[in-house]
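Given next are the chains, with one letter for each unit.
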Amino acid sequence: MSTGPLMPKATAVWLVENTALTFDQIADFCKLHPLEVKGIADGEVAAGIKGLDPTVNGQLTREEIARAEANPAYRLKLAPPKVKLPEVKRKKGPRYTPVSRRQDRPNAILWLLRNHPELKDAQIMRLVGTTKTTIQQIRDRTHWNAAHLTPMDPVTLGLCSQIDLDFEVARAAKDRPQVAPESDQTLLPAEVTTAPEEEVQPFGDTSRPRREEEEKLDVDSVFAKLKQLKRPDDEEDEEL
């Protein structure tokens, strides 16, 4: 939505008195209601207000007025400013906390200290809009209301959004030093690690089963059992 001219009622008074523009065109340009513009023309509205020429202060050109007078469906356009002012950058201040929620901040701080100890004080200050002194008092249990504090989720209390909380937690986890995972494996004996590779196979070659050796062992055992089952008569026949 485009902005209207400075002093819209005074501009509307001048346009009503000095141009042949319709009420709708003036109302659209000055951001007023058409009935209000009609009231200005009838002298019922803006009585005593002196008209302001928008062509003098550079908000409207004579060519633009003439174009609108020739076409009642045309809508006036505000002239671009000749001097561009630099945008004022607003400094980001502390998070505003509604008065009705300020009493819940200590409970939210206690919840953050218990559930996310990795958060820094500056991060907690950004989330719930508190001071470093209050955080330290709650951490040391020296806060004036420490005995009655109850940990409460700041998202549930409306002190911060879940997105902001997740962002700060992920940021704190990223800054923490990584701890090497514990391993259950033990070192092999020195005899195993220093022996030649051909002689030592600590875990054995379990990828390929030795079928040939197993078959050979089975055949030998069968013949041994057959020899044990031979009768004495068969032995005498063999000697003869």
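Structure's up top.
Below, the structure is looked at part by part. (Residues numbered from 1 in each chain as written. Predicted model: local features only at pLDDT ≥ 70, side-chain atom pairs only at ≥ 80, totals over all residues. Heavy atoms only, no water.)

### Considerations on the overall build of the protein
Link 1 in the chain: Looking only at helices and strands, the protein has 12 helices and 0 strands in total.
Link 2 in the chain: The linear arrangement of helices and strands in the protein, starting from the amino end, is α-α-α-α-α-α-α-α-α-α-α-α.
Link 3 in the chain: Going through the 240 residues of the protein one by one, you find that 26% of them count as buried.
Link 4 in the chain: For the protein, the share of sequence-separated contacts (at least 6 apart) that also reach a separation of at least 24 residues comes to 60%. (Helix = DSSP H or I, 4+ residues; strand = E, 2+ residues; numbered from the N terminus. Buried < 20%, exposed > 50% of the residue type's maximum accessible area, 1.4 Å probe, protein only. Contact = heavy atoms within 4.5 Å.)

### A word on the nonpolar core
Link 1 in the chain: The biggest cluster of nonpolar side chains holds 19 residues, and the ones touching the most others in it are Ile109, Leu112, Leu119, Ile124, Leu127, Val128 and Leu165.
Link 2 in the chain: For this core, the elements supplying multiple residues, two or more each, are α5 (105-115), α6 (121-128), α7 (132-139) and α9 (162-175).
Link 3 in the chain: It is α5 that provides the largest number of residues to this core, a total of 6 residues.
Link 4 in the chain: Counting residues in hydrophobic clusters, the runner-up holds 18 residues, among them Phe29, Val37, Ala46 and Tyr74. (Core = buried A, V, L, I, M, F, W, Y, C linked by side-chain atoms within 4.5 Å.)

### Concerning unusual backbone geometry
Link 1 in the chain: Residues other than glycine seldom take positive phi values, yet Lys31 does so here, at roughly 60°.
Link 2 in the chain: Checked against the element boundaries, Lys31 lands in the loop between α2 (23-30) and α3 (34-41).

### Quick word on the packing of α2 against α3
Link 1 in the chain: The interhelical angle for the contact between α2 and α3, taken along N-to-C directions, is 115°, at an axis separation of 8 Å. Taken together, the axes of α2 and α3 lie roughly perpendicular to each other. Regarding α2 and α3, the two cross each other, and that crossing is right-handed. Here Phe23, Asp24, Ile26 and Ala27 of α2 come into contact with α3, specifically with Pro34, Val37, Lys38 and Ala41.
Link 2 in the chain: A class-by-class count of the residues in the contact of α2 with α3 yields 6 nonpolar, no polar and 2 charged. (Axes fitted to C-alpha atoms, helices over the stretch in contact; angles between N-to-C directions. Parallel < 35°, antiparallel > 145°, perpendicular 65-115°, else oblique. Left-handed = near helix turned anticlockwise from the far one by under 90°. Nonpolar A, V, L, I, M, F, W, Y, C, P; charged D, E, K, R; others polar.)

### So, the packing of α6 against α9
Link 1 in the chain: Where α6 contacts α9, the two axes come as close as 10 Å, and the packing angle between them is 175°. With respect to each other, α6 and α9 are oriented roughly antiparallel. Residues Gln123, Arg126 and Leu127 of α6 touch α9, and the partners they reach there are Asp164, Leu165, Glu168, Arg171 and Ala172.
Link 2 in the chain: Grouping the constituent residues of the contact of α6 with α9 by class yields 3 nonpolar, 1 polar and 4 charged.

### Side note on helix α1 (residues 8-18)
Link 1 in the chain: Regarding α1, the residues found buried are Ala10, Thr11, Ala12, Val13, Trp14 and Leu15.
Link 2 in the chain: Next to the buried residues of α1 lie α2, α3 and α4 (62-70).

### Considering the pattern of salt bridges
Oppositely charged side chains may form a pair once their charged atoms are brought near each other.
Link 1 in the chain: Counted by the stated rule, this structure contains 6 salt bridges.
Link 2 in the chain: A salt bridge links Lys38 to Asp42; the shortest N-O distance between them is 3.1 Å.
Link 3 in the chain: Residue Lys38 is classed as partly exposed on the basis of its relative accessible area of 39%.
Link 4 in the chain: Where Glu168 meets Arg126, a salt bridge forms, and the shortest distance between an N and an O atom there is 3.2 Å. Of this pair, Glu168 sits in helix α9 while Arg126 sits in helix α6, placing them 42 residues apart in sequence. (Salt bridge = Lys/Arg side-chain N within 4 Å of Asp/Glu carboxyl O.)

### Quick look at α4
Link 1 in the chain: If you check which residues of α4 are buried, you get Glu64, Ile65 and Ala68. Around the axis of α4, the buried residues are gathered within 100° of arc, so they sit on the same side. In this structure, α4 carries Arg62, Glu63 and Ala70 as exposed residues pointing more than 90 degrees from its buried face.
Link 2 in the chain: The elements touched by buried residues of α4 are α1 and α2. (Arc of directions from axis to C-beta.)

### Focus: the side chain of Glu168
Link 1 in the chain: Accessibility expressed as a relative area gives 6% for Glu168, which makes it buried.
Link 2 in the chain: Leaving out residues up to four positions away in the same chain, Glu168 has contacts with Leu119, Gln123, Arg126 and Leu127.

### Overview of the environment of Leu35
Link 1 in the chain: The topology assignment puts Leu35 in helix α3.
Link 2 in the chain: Under the relative-accessibility criterion, Leu35 is labelled exposed at 61%.
Link 3 in the chain: Sequence separation between Leu35 and Phe23 is 12 residues; the distance between their C-alpha atoms is 8.0 Å.

### Side note on the environment of Asp121
Link 1 in the chain: Here Asp121 lies in helix α6.
Link 2 in the chain: With 12 residues separating them in the primary sequence, Asp121 and Thr133 have C-alpha atoms 9.6 Å apart.
Link 3 in the chain: Filtering out sequence-adjacent residues up to four positions away, Asp121 remains in contact with Lys132, Ile135 and Arg139.

Coordinates in, geometry out; function isn't part of it.
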